[in-house]
Amino acid sequence: QVQLVESGGGLVQAGGSLRLSCAASGSIFSINAMGWYRQASGKQRELVADITSGGSTNYADSVKGRFTISRDNAKNTVYLQMNSLKPEDTAVYYCNADIRTKVLPHMAYWGKGTLVTVSS
């Protein structure tokens, strides 16, 4: 069994910052890409940023220059530093990871999500 547990969401004023964390646990053999997605009310889930095991990153255009994704491979944890937050960043943020366990091949796992609310 694999679990992804997000933390760090909350309410912040526009222009503020938050840092999200997501820790993967369980019978993990290896982790490829890890990433953050978000889903605003009434909208489809969208990629925010992802990062490979080697540290290569990819960002949605809407967050470039404001958000930074990073990971600690030793801790199986991915982070999302969010600066200069805007009301349109309000959403539930989900962690995603491509994980191989000791008995299963690589597959995608999701966290339950953490709510980020940016007030104007």
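Heads up: the structure comes first, above all this text.
What you see is a predicted model; the values in this text were computed from it and never measured.

The subject of this paragraph is the environment of Glu6. Checked against the element boundaries, Glu6 lands in strand β1 (residues 2–7). Using a relative accessible area of 11% as the deciding quantity, one classes Glu6 as buried. Separated by 105 residues in sequence, Glu6 and Gly111 have C-alpha atoms that sit 6.4 Å apart. Those residues in contact with Glu6 that sit more than four places away from it in its chain are Ser21, Cys22, Trp36, Tyr93, Tyr94, Cys95, Gly111, Lys112, Gly113 and Thr114. Polar side-chain contacts of Glu6 include one of 2.9 Å to the backbone nitrogen of Gly113.

Taken in spatial order, the 4 strands line up as β1-β3-β8-β7 in an open sheet, and their pairing is antiparallel. At either end of the open sheet lies a strand with only one pairing partner, and these are β1 and β7 (67–72). Pairwise comparison of adjacent strand axes, ignoring direction, gives a mean angle of 15 degrees for this sheet. By the bridge criterion, 6 bridges tie strand β3 (residues 18–26) to strand β8 (residues 77–82) in an arrangement that is antiparallel. Paired with Leu18 across the bridge in β8 is Met82.

Our next topic: the side chain of Arg66. With respect to the helices and strands, Arg66 occurs in the loop between β6 (57–59) and β7. Only 2.9 Å separates the side chain of Arg66 from the backbone oxygen of Ser62, close enough to count as a polar contact. The residues contacting Arg66, other than those within four sequence positions of it, are Gln81, Met82, Asn83, Ser84, Leu85, Lys86 and Asp89.

This model, assessed by the stated rule, comprises 1 disulfide. For Cys22, the disulfide goes to Cys95, at an S-S distance of 2.1 Å. Handedness here is read from the sign of the S-S torsion; for Cys22 and Cys95, about -80 degrees, the answer is left-handed. Here Cys22 is found in strand β3, whereas its partner Cys95 is found in strand β9 (residues 91–101), with 73 residues between them in sequence. When sorted by exposure, Cys22 lands in the same class as Cys95, which is buried.

Thresholds, definitions, all that
- Residues numbered from 1 in each chain as written.
- Predicted model: local features only at pLDDT ≥ 70, side-chain atom pairs only at ≥ 80, totals over all residues.
- Heavy atoms only, no water.
- Helix = DSSP H or I, 4+ residues; strand = E, 2+ residues; numbered from the N terminus.
- Buried < 20%, exposed > 50% of the residue type's maximum accessible area, 1.4 Å probe, protein only.
- Contact = heavy atoms within 4.5 Å.
- Polar contact = N/O pair within 3.5 Å; in protein donor to acceptor, adjacent residues only side chain to side chain.
- Pairing = 2+ DSSP bridges.
- Axes fitted to C-alpha atoms, helices over the stretch in contact; angles between N-to-C directions.
- Disulfide = S-S within 2.5 Å.

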